[in-house]
Amino acid sequence: MEYKPKLRRVSTLTGTWVDRSVASGVADDEQDEVLTRRGSWTGRFDFLLSLLGYSVGLGNVWRFPYLCYNNGGGAFLIPFTVMLVIAGLPLMFMELSLAQYAGLGPAVLFKRLSPLLQGLGFGMVLVALVVMLYYNVILAWTLFYMLASFEEPLPWKGCHHAWTSRQCYSYDEESKCLDLNGTYYMRECYANVSLIANFTKVAKKPPAEEFFKNYVLQLSSGIEHTGNVSITLSFCLLAAWLIVFLCLCRGVKSSGKVVYFTALFPYVVLIMLFVRGITLPGSYTGIMYYLEPDWEKLKSAQIWGDAAVQIFFALSPAWGGLLTLASYNKFQNNCYRDAIIVAVTNILTSFFAGFVIFSILGFLAHELDTEVGTVLDQGAGLAFVVFPEMVTKLQMPMFWSVLFFFMLLTLGLDSQFALMETVVTGILDTFPQWRRWKLRVVFGVATVGYLGGLVFITNSGMYWFQLVDKYAANWSVLLIATIECVLVAWVYDSERFIQNIEEMIGRRSKCFAVFWTILWKVVTPATLLFILCFNWIQYKPVSYGKYAYPEWADIVGWIIGLLPMGVVVLTAIYKLIADISEKSLVEKIISLVRPTDEWRAAKVALYHFEYDEPVTEL
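These figures come from a predicted structure and were not determined experimentally.

About the cut-offs
- Residues numbered from 1 in each chain as written.
- Predicted model: local features only at pLDDT ≥ 70, side-chain atom pairs only at ≥ 80, totals over all residues.
- Heavy atoms only, no water.
- Disulfide = S-S within 2.5 Å.
- Buried < 20%, exposed > 50% of the residue type's maximum accessible area, 1.4 Å probe, protein only.
- Helix = DSSP H or I, 4+ residues; strand = E, 2+ residues; numbered from the N terminus.
- Expected span 1.5 Å × (residues − 1).
- Arc of directions from axis to C-beta.
- Contact = heavy atoms within 4.5 Å.
- Axes fitted to C-alpha atoms, helices over the stretch in contact; angles between N-to-C directions.
- Left-handed = near helix turned anticlockwise from the far one by under 90°.
- Nonpolar A, V, L, I, M, F, W, Y, C, P; charged D, E, K, R; others polar.
- Core = buried A, V, L, I, M, F, W, Y, C linked by side-chain atoms within 4.5 Å.
- UniProt positions renumbered as here; feature names shortened; annotations may be inferred.
- 1 Å grid on protein atoms, 1.4 Å probe; cavity = no way out; pocket = protein on both sides within 12 Å on 5 of 7 lines; lining within 4 Å.
- Polar contact = N/O pair within 3.5 Å; in protein donor to acceptor, adjacent residues only side chain to side chain.
- Lys, Arg positive; Asp, Glu negative; His and termini not counted.
- Salt bridge = Lys/Arg side-chain N within 4 Å of Asp/Glu carboxyl O.
- Points joined across faces, edges and corners; volume = space filled by probe spheres on them.
- Phe/Tyr/Trp six-rings, centres within 6.5 Å; stacked < 30°, edge-to-face > 60°.

This brings us to the state of the cysteines. Here the structure, examined in full by the defined rule, presents one disulfide. Paired by a disulfide, Cys-159 and Cys-168 hold their sulfur atoms 2.1 Å apart. Torsion about the S-S bond of the Cys-159 and Cys-168 cystine: about -80°, corresponding to left-handed handedness. Here Cys-159 and Cys-168 have matching classes, each one buried.

Here's what the structure looks like:
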C-alpha cells in the first residue's frame, strides 16, 4: 500500500475543486462547472421570483397601508416613490451587480473587495441570523391560525371561553342582549335596570385580541416573567422550520422552484380579497380614508422619514439577502432589469395591498358603527387581531380565514428563504470544504434557528419579539449600507464599477454612467444619513401596548442592535494588527481597503495547485 498526494486544481474564486487538465483561460463549459459546484439558478425566472418574494413581504401588507393612512393618504406615494429612486433602487442595483460580478456571498465578497472591511459581510450574515430567528415565529403563528381556521365556528368568536377576561366585548352578544331589552356589560346581559346605574366604564377588548394574547401567546405580565414554552407553538415552529429546511435542502436548486408558487400565490389571494372587499358595505369609506391626500403633510419631515425607512426595509439592502441571491446568477444576467422590475413591483404591490386592507377595515368599522381609525392597527395587530375579528362577520369565514393566513405564510416563506440562504451561503463560502456536507449544514442552521426561536414562544415571547424586532435590523444596517455605498462609489470607484456592470449587461449610455455615479457618490449616502438621523431623533424606548420595558431590556436591545457594526469595527482592528509589515498605519489602511488580487469577475476563475489529503491506492 502506497500513499500518494493527489494533485487537484482549486478555484480561488469559489473554493471548489475542479479536477480538469490545466488550460489557459477558462472556457464557458468550465465556468458552468464552477457554477454547478457552488450552485446556481436553474430556471430562467428563478432569481427574479426569489428576489420578488424576498422584497415583497409581510411589511407590504401590514405596515405600508398604515403608514400611507398616517402620512397624508395618497400624498405619501410621492415621498415613497422619491425615496425608492434615490435610496432603495440604487442600493438594490449596486448589491445585485456587485454579487453577480464576483459570484460570491457577502462573507467572502468583502474579504476580496476590501479586506479591511471584511466585517461588513460578517455583519450582514449576523443580521440575517438574528432576524431569521424571530421571523420564523411569525410563520409559526400563521400556521397556528391557519389550522385553527378549520374549526367551526372560528375559535376566536364570542366571549364565552375560558381564555377571555371580563373586559371581553362581543358585538354579536351585545346585539342579542339588546334584542331582549337588556344591557350587555362585562360578558353578561343584565335585565335589572336598577343595577345599570352602578356600572362603571371599562375598556373593551375584542375576542380576537383576547384569543391572540391569552390563548395563543399566553402572554405574561412582562419580559422578566419568562414562564413556559408553549407546546402547541413549539410544534408549529418546528413545522415552520421543517418547511424551510425541505425547501432549502438543495440550495437555490430547490428554493428556486418553490418560489414559482410562494411568490405568485399572494397576488392571487390579494386580488380575491380585493374583489370581496369592495363588495362589502363600508368599503368605500375605508378606501377614502386610505386615499384622501393631505398635501400639507408633504411639508413635514415625518412623512419623508417614514417613506425613507419603509422603502429601505422593504427592499432590505445590507441584510445580505440581495448579495446572496445575486451571487448565484449567471454572469450575463441582466440584473439592472431585475432591480427595476422588483422595485416597481414592490411599490405597486404595497399600494394595491392598501386597497385590500382598507376596504376590509371600512367594512369592519361599518359593522361596529365606529370610525376607520379606531379599528386600524399595524404589524401583528392587523394580521392576528383586526383581520380575525373582521372575518367572523363574513360569509364563509373559514374559507377567508384559511386563505388569508395561507397568503401570509407564502409571503413570509420567501423572505425566510433568503435570510436562511444568506447564513448558509456565508458558512459555505467561508468554509468551502463543507460544501460536500451542504445538507448537514442546512440542517444544522435550521436546528440552531429552531432552538434560538424557542425564547419567542415562551409566555414572555412577545416582549422578546418586539425587542429584537425593534433593534436587530436598525442602526447597524443603516451604517453598514452607508459604508458599503461609500466603499463601492469612492474607494473602489463608481466608474470602475460601472465598467464591471457593462461587462455583464453590455454597453450603456453616458447618461447611465452619470446618473448612477451621482446617486451612489452623493445622493444615496446623504439619504442614508438622513434616515439614520431621523431614526435617532425619533427614537423612543421599546414598548408593547402600555407595558414599559425595564432598563436592562433596553440595554440588551442596544447590544443586539449594535453588535453587527461592532463586528465590522473589531474585524478592521484585527486586520490592522495582523498586518506585520513595516508600513505606517495610514499606509496599512490604504492597502487593506483596496481590492485584493483575488477580486475578479466570476467568469474569470484563477486556479492554483494544492495537495489534498493523502489518498490510498491499493
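It is worth spelling out helix 20 (residues 397-430) at this point. Here helix 20 spans 49 Å end to end across 34 residues, near enough to the 50 Å set by a 1.5 Å rise per residue. Across the 34 residues that make up helix 20, a large majority, 28, are buried.

The next thing to look at is helix 14 (residues 283-291). Among the residues of helix 14, those classed as buried are Ser-283, Gly-286, Ile-287 and Tyr-290. Looking straight down helix 14, one finds that the buried residues subtend no more than 95° of arc, so they occupy a single side. In the core, the buried residues of helix 14 are packed alongside helix 4 (64-70), helix 13 (265-277), helix 17 (335-368) and helix 18 (372-375).

Two numbers describe how helix 13 lies on helix 17: the axes approach to 8 Å, and their chain directions differ by 35°. Of the two possible hands of crossing, helix 13 and helix 17 adopt the one that is left-handed. Here Tyr-267, Leu-270, Ile-271, Leu-273, Phe-274 and Gly-277 of helix 13 lie close against helix 17, whose contacting residues are Thr-345, Thr-349, Phe-352, Phe-355, Val-356 and Ser-359. By residue class, the composition of the contact of helix 13 with helix 17 is eight nonpolar, four polar and no charged.

The next point concerns the nonpolar core. Counting residues in each nonpolar core, the largest one holds 201 residues, and the members touching the most others are Leu-109, Trp-141, Phe-384 and Met-420. No other element matches helix 7 (residues 119-148), which puts 19 residues into this core. If near-sequence neighbours (up to four positions away) are discounted, Trp-141 is found in contact with Phe-212, Leu-217, Leu-233, Ala-380, Phe-384, Met-462 and Phe-465. Judged by nonpolar contacts, the second largest core, of five residues, contains Cys-159, Cys-168, Tyr-169 and Tyr-184.

With that out of the way, let us pick up the UniProt feature "binding site: Na(+)" (unreviewed entry) in the protein chain. The positions UniProt marks with the feature "binding site: Na(+)" (unreviewed entry) are Gly-53, Val-56, Asn-60, Asn-346, Leu-411, Asp-414 and Ser-415. Spatial clustering of the annotated residues is evident: they stretch over 363 residues in sequence, but the largest pairwise C-alpha distance comes to 13.9 Å. Among the annotated residues just listed, those lining the largest cavity are Asp-414. Its place among the elements puts Asn-346 in helix 17. Counting through the fold element by element, Leu-411 comes out in helix 20. The contact partners of Leu-411, leaving out residues within four places of it in the chain, are Gly-53, Val-56, Gly-57, Leu-58, Val-61 and Pro-266.

On to the environment of Thr-262, then. As for its position among the elements, Thr-262 is in helix 12 (residues 252-262). Thr-262 gets classed as buried once you look at its relative accessible area, which sits at 3%. C-alpha of Thr-262 to C-alpha of Leu-49: the two residues are 213 residues apart in sequence and 8.9 Å apart in space. Sequence-distant contacts of Thr-262, that is, excluding residues within four places in its chain, are made with Thr-410, Leu-413, Asp-414 and Phe-417. At a separation of 2.4 Å, a polar atom in the side chain of Thr-262 contacts the side chain of Asp-414.

To continue, consider the side chain of Asp-414. Residue placement: Asp-414 occurs in helix 20. Among buried charged residues, Asp-414 stands out as having no salt bridge; its nearest opposite-charge side chain is Lys-257, 14 Å away. Dropping the residues within four chain positions of it, Asp-414 is found in contact with Gly-53, Tyr-54, Val-259, Thr-262 and Ala-263.

With respect to the helices and strands, the residue Ile-457 is situated in the loop between helix 21 (438-453) and helix 22 (461-471). Residue Ile-457 is classed as buried on the basis of its relative accessible area of 1%. Note: C-alpha distance between Ile-457 and Val-229 (228 residues apart in sequence) is 5.8 Å. Residues within four places of Ile-457 in sequence aside, it is in contact with Val-137, Asn-228, Val-229, Ser-230, Leu-233, Ser-234 and Leu-237.

Inspection of the secondary structure assignment puts Lys-588 in helix 27 (residues 585-593). Despite its burial, Lys-588 pairs with no opposite charge; the closest candidate is Asp-579, at 5.1 Å N-O. Setting aside chain neighbours within four positions, we find Lys-588 in contact with Leu-576, Asp-579, Ser-581 and Lys-583.

The tally for this structure, following the rule as stated, stands at seven cavities of 30 Å³ or more. Lining the largest cavity we find Trp-41, Ser-50, Tyr-54, Leu-248, Val-252, Ser-255, Val-259, Leu-325, Asp-414, Phe-417, Ala-418 and Glu-421. Contributions of two or more residues to the lining of the largest cavity are made by helix 2 (46-55), helix 12 and helix 20. The biggest single contributor to the lining of the largest cavity is helix 20, with four residues. When the residues that make up the lining of the largest cavity are grouped by side-chain class, the tally is eight nonpolar, two polar and two charged. By volume, the second largest cavity is sized at about 70 Å³. Considering the residues around the second largest cavity, the lining is formed by Trp-156, Lys-157, Gly-158, Tyr-169, Ser-170, Tyr-171, Asp-172, Pro-207, Glu-389, Thr-392 and Lys-393.

Under the criterion given, the structure shown has 66 aromatic pairs. With centroids separated by 5.0 Å and ring planes inclined at 45°, the aromatic side chains of Trp-141 and Phe-465 adopt a geometry described as tilted. With a gap of 324 residues between them, Trp-141 in helix 7 and Phe-465 in helix 22 connect regions that are remote in the sequence. Take Trp-141 and Phe-465: they sit in the same class, and that class is buried.

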